[in-house]
Amino acid sequence: MRLSDLVGKEIVNITSGARLGTVGDSDLVIDEVTGEIDAIILPARNSLVGFWTDRQHLLIPWDSIVKIGAEVVIVELDDTYPNYTRRFPF
């Protein structure tokens, strides 16, 4: 699969049904040795509160992806998953 095949797809969490973002708005963490994608980094959504705070990002590990469809990428992240509940600044 090429990166251009992922661009524009909505990322949806199967556990909560929440829309997390779009692949086109995100960055990828790529393994330098193998060239494989390790994770997707989604920027925080814009909000009025976010205007005064640091922008935070959500890290979605590649192994949490359940299915890549024609229009969406389905991921499985629950509240106990540490990278889902913890957002970090870059």
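The name given to the chain in an unreviewed UniProt entry is Sporulation YlmC/YmxH family protein, with the source organism recorded as Heliorestis convoluta.

S.K.: Got a minute to help me understand the overall build of the chain in this structure?
M.R.: The secondary structure content of the chain amounts to 2 helices and 7 strands. When the helices and strands of the chain are read in sequence order from the N terminus, they spell out α-β-β-β-β-β-β-β-α. A burial count over the chain gives 30% of its 90 residues as buried. Surface accessibility of the chain: about 6,300 Å² in total, with carbon and sulfur atoms responsible for 52%.

S.K.: Just to check I follow, could you spell out the pairing of strand β6 (residues 65–68) for this structure?
M.R.: The two faces of a sheet get side chains in turn, since along a regular strand they alternate between them. Here 3 bridges tie β6 to strand β7 (residues 72–75), and the two strands are oriented antiparallel to one another. In the strand pairing of β7, Ile68 is matched with Val73. In this antiparallel pair of consecutive strands, β6 and β7, the connection spans 3 residues.

S.K.: For this particular structure, what's the right way to read the side chain of Lys9?
M.R.: Structurally, Lys9 can be placed in the loop between α1 (3–6) and β1 (10–13). For Lys9, which is buried and forms no salt bridge, the nearest opposite charge comes from Asp5, at a distance of 7.3 Å. A distance of 2.6 Å separates a polar side-chain atom of Lys9 from the backbone oxygen of Gly69. Here the side chain of Lys9 touches Ala70 through a polar contact of 3.0 Å, landing on its backbone oxygen.

S.K.: Looking at this structure, how should I read the pairing of β7?
M.R.: Across the two faces of β7 the burial differs, with Val73 and Val75 buried and Val72 and Ile74 not buried at all. By the bridge criterion, 4 bridges tie β1 to β7 in an arrangement that is parallel. Bridge pairing in β7 places Val12 opposite Ile74.

S.K.: It is not clear to me how the nonpolar core should be interpreted in this structure. Could you clarify?
M.R.: Nonpolar side chains tend to gather and get buried jointly when the protein is soluble and globular. Membership of the largest hydrophobic core is limited to 12 residues, which are Leu6, Ile11, Leu20, Val23, Ile40, Leu42, Leu58, Ile60, Ile65, Val73, Val75 and Leu77. Taken together, the elements giving at least two residues each to this core come down to β4 (37–43), β5 (57–61) and β7.

S.K.: What is the right way to read the sheet that holds β4 from this model?
M.R.: Sheet strands associate in pairs through backbone hydrogen bonding, adopting either a parallel or an antiparallel arrangement. Across the sheet, which stays open at both edges, the 3 strands sit in the order β3-β4-β5 with antiparallel pairing between neighbours. This sheet does not close on itself; its edge strands, each paired only once, are β3 (27–30) and β5. Adjacent strand axes in the sheet meet at a mean angle of 25° when their direction is disregarded. Sheet topology places β4 next to β5; 5 bridges connect them, and they run antiparallel. What sits directly across from Ala39, in β5, is Pro61.

Calculation criteria
Residues numbered from 1 in each chain as written. Predicted model: local features only at pLDDT ≥ 70, side-chain atom pairs only at ≥ 80, totals over all residues. Heavy atoms only, no water. Helix = DSSP H or I, 4+ residues; strand = E, 2+ residues; numbered from the N terminus. Buried < 20%, exposed > 50% of the residue type's maximum accessible area, 1.4 Å probe, protein only. Areas by Shrake-Rupley, 256 points an atom, 1.4 Å probe, with all protein chains shown as cover. Pairing = 2+ DSSP bridges. Lys, Arg positive; Asp, Glu negative; His and termini not counted. Salt bridge = Lys/Arg side-chain N within 4 Å of Asp/Glu carboxyl O. Polar contact = N/O pair within 3.5 Å; in protein donor to acceptor, adjacent residues only side chain to side chain. Core = buried A, V, L, I, M, F, W, Y, C linked by side-chain atoms within 4.5 Å. Axes fitted to C-alpha atoms, helices over the stretch in contact; angles between N-to-C directions.

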